[in-house]
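# Per-entry structural report
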Amino acid sequence: MAVRRMAKFLCCLSALGWLPVHAQVDDLPRTSPEAVGMRSAQVSAFFDSLLAYPKTEIHSVIVMRHGKVVGEMYPAPFRPEYKHTQFSCSKTFVAAAVGIAINEKLLRLTDRLVTFFPKQLPPVVSWRLNGITVKDLLTMRSGFVVNTQIRNDSLAWIRAYLAHPMKADPGKLFQYDSMDTYLLSAIIQKVTGKTVLDYLKQKVFRHMNIQDVKWEQSPEGINTGGWGLYIQPESLAKFGQLLLQHGQWQSRQLIPARWVEAMMSKQVVSPNKGDSYGYQMWIPSYPTAAYAAGAYGQYIMVVPKADVVVVINQCLTNSSSGVFKQIWNTLFAGMQSQPLAPSADYQLLQQRVYTLPLIEGDLTSKVYADYQGRTVKLNRNPLGWSAISFVADDVIEITDTAGVKGVVRMGHQFWATSAVDFYPLNARYAVKNQFSTIRPPFHVGACYAWQDDELLAKLHFVDWMGSVSLRLHFDADTVTITAQENYQKRPVTITGVFDPTLHKML
């Protein structure tokens, strides 16, 4: 509790301008699971089940009931104040903005897409293109041929997308397409004169003390919509609670209640024989639940029937993390409508220290003396690194292909965190204007160990989503690196040659 009081004191100092505003950490009320009819042992078991899931790195988890946080987990090297990139979880925020604009009479569900962008239309407008409505975009039924390459190749995304082929009549065929959401973002900017982010800041975020939030922009200066939100875990939990409360926050109706109900209701029934779809949200088979979901495993799960919100940030390489099964079977086990008797398990839950796996092995190696202080030049590689300098036993300096350097300190049997100026590993590296509004420094949590004269290191970009495991094999004047990025299924091999002109110059 002393830690929480100190956090609140620092927030007060930030508000007075005496400290920089870092985050809205500990802004939501906290209580024991038992106070809201849940069991601390089940919350602990839920956290353990997520950490044990194969090929998955958990970054943060928040569990809420009755508007209060009953459990949270930020496995080291992650921390609650770090923002996390959101992929398709971003879409749900766009849907909220659309509902607010409709309520303000700036927009209608029946408005046609072509009316907003007359200067970006192709020379010939097909009857299919002419028929796409705002509702078709919200429900992923625009009819466009899905083409993710456009955002990698074009600087004029709206013009390019309106000109590319359609495969179905509007409103007929469900196809999950992030560019549908981008077009919604562009429409919001057209009718409000503000980006989606600025519009939400004005209408929603400022009333909820959500300040530390960013959103990537396209080359056209439009928030990317379908991805690119950069936000803290607790702010995600607040937004989930806002949806649970039918758009109301502290007696203020921020999103129309009917619109929230429509977002979380079946608009498209069981597309592709899976979960149904609402307005930029998924509707699972579990009664009254709805969720936002992003690639590699970001979730905002809203369960009105149980009055529960669950937020998860993670990175997984398999198709499903099993999150929903764990929520229903583990977290909800024994849940009651009335408070339960206090339990010693709550103290154990509070005392738990969570950490991602550390590398086992030796502190140093006899071979390292020959390489310390030297720089290896790397061949072209997907990490975007051009060189690694071995500064000390626990310090490396990475240089990216743009020549930007960053010193990374690595802990042995603990996580050390460093601020770096180069950009993090990114699963969407080919998208134009990537990181357009998100600037360094970024933070890297790292650990290392030696095994059989090979250097092993793990680097987590803790305020992004990517990590990489490295195994470095030294052989005379060369090094071979096996690198496994957490969002890739297979490792890559990188080779490098030590630069004789930089020998022992660091």
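Worth saying up front: this structure is predicted, and the values here are computed from it rather than measured.

### Examining the pattern of salt bridges
Under the criterion given, the structure shown has 14 salt bridges. The partner of Arg-30 in a salt bridge is Asp-26, with the nearest N and O atoms 3.4 Å apart. Taking the relative accessible area as the measure of exposure, Arg-30 reaches 22% and is therefore partly exposed. By relative accessible area, Asp-26 is classed as buried at 7%. Here Arg-79 and Glu-81 are joined by a salt bridge, their closest N and O atoms 2.4 Å apart. The network of salt bridges with common partners includes Asp-26, Arg-30, Glu-72 and Glu-234.

### Considerations on the environment of Arg-374
Relative to the helices and strands, Arg-374 resides in the loop between α13 (344-351) and β13 (375-378). Through-space distance from the C-alpha of Arg-374 to that of Lys-83 is 34 Å; in sequence the pair is 291 residues apart.

### Regarding the side chain of Asp-26
Mapped onto the elements of the fold, Asp-26 is located in the loop between α1 (2-15) and α2 (40-51). Among the polar contacts made by the side chain of Asp-26, one reaches the side chain of Arg-30 at a distance of 3.4 Å.

### Digging into the packing of α2 against helix α12 (residues 323-331)
Each pair of packed helices can be described by the angle between their axes along with the distance between the axes. The N-to-C vectors of α2 and α12 enclose an angle of 155 degrees; their axes lie 9 Å apart at closest approach. It follows from the interaxial angle that α2 and α12 lie roughly antiparallel. For the pair α2 and α12, the crossing hand works out as right-handed. Contacts between α2 and α12 involve Gln-42, Val-43, Ala-45, Phe-46, Ser-49 and Leu-50 from the former and Val-323, Gln-326, Ile-327, Thr-330 and Leu-331 from the latter. Tallied by class, residues from the contact of α2 with α12 come to seven nonpolar, four polar and no charged.

### Comments concerning the pairing of strand β22 (residues 492-498)
The pairing of β13 with β22 spans three bridges and is classified as antiparallel. Residue pairing across strands places Val-376 opposite Phe-498, the latter belonging to β22. Relative to β22, strand β21 (residues 478-485) runs antiparallel, the two being bridged by six bridges. Pairing of Thr-480 across the sheet is with Thr-495, part of β22. Counting the residues in the hairpin turn of β21 and β22 gives six residues.

What counts and how
Residues numbered from 1 in each chain as written. Predicted model: local features only at pLDDT ≥ 70, side-chain atom pairs only at ≥ 80, totals over all residues. Heavy atoms only, no water. Salt bridge = Lys/Arg side-chain N within 4 Å of Asp/Glu carboxyl O. Buried < 20%, exposed > 50% of the residue type's maximum accessible area, 1.4 Å probe, protein only. Helix = DSSP H or I, 4+ residues; strand = E, 2+ residues; numbered from the N terminus. Polar contact = N/O pair within 3.5 Å; in protein donor to acceptor, adjacent residues only side chain to side chain. Axes fitted to C-alpha atoms, helices over the stretch in contact; angles between N-to-C directions. Parallel < 35°, antiparallel > 145°, perpendicular 65-115°, else oblique. Left-handed = near helix turned anticlockwise from the far one by under 90°. Contact = heavy atoms within 4.5 Å. Nonpolar A, V, L, I, M, F, W, Y, C, P; charged D, E, K, R; others polar. Pairing = 2+ DSSP bridges.

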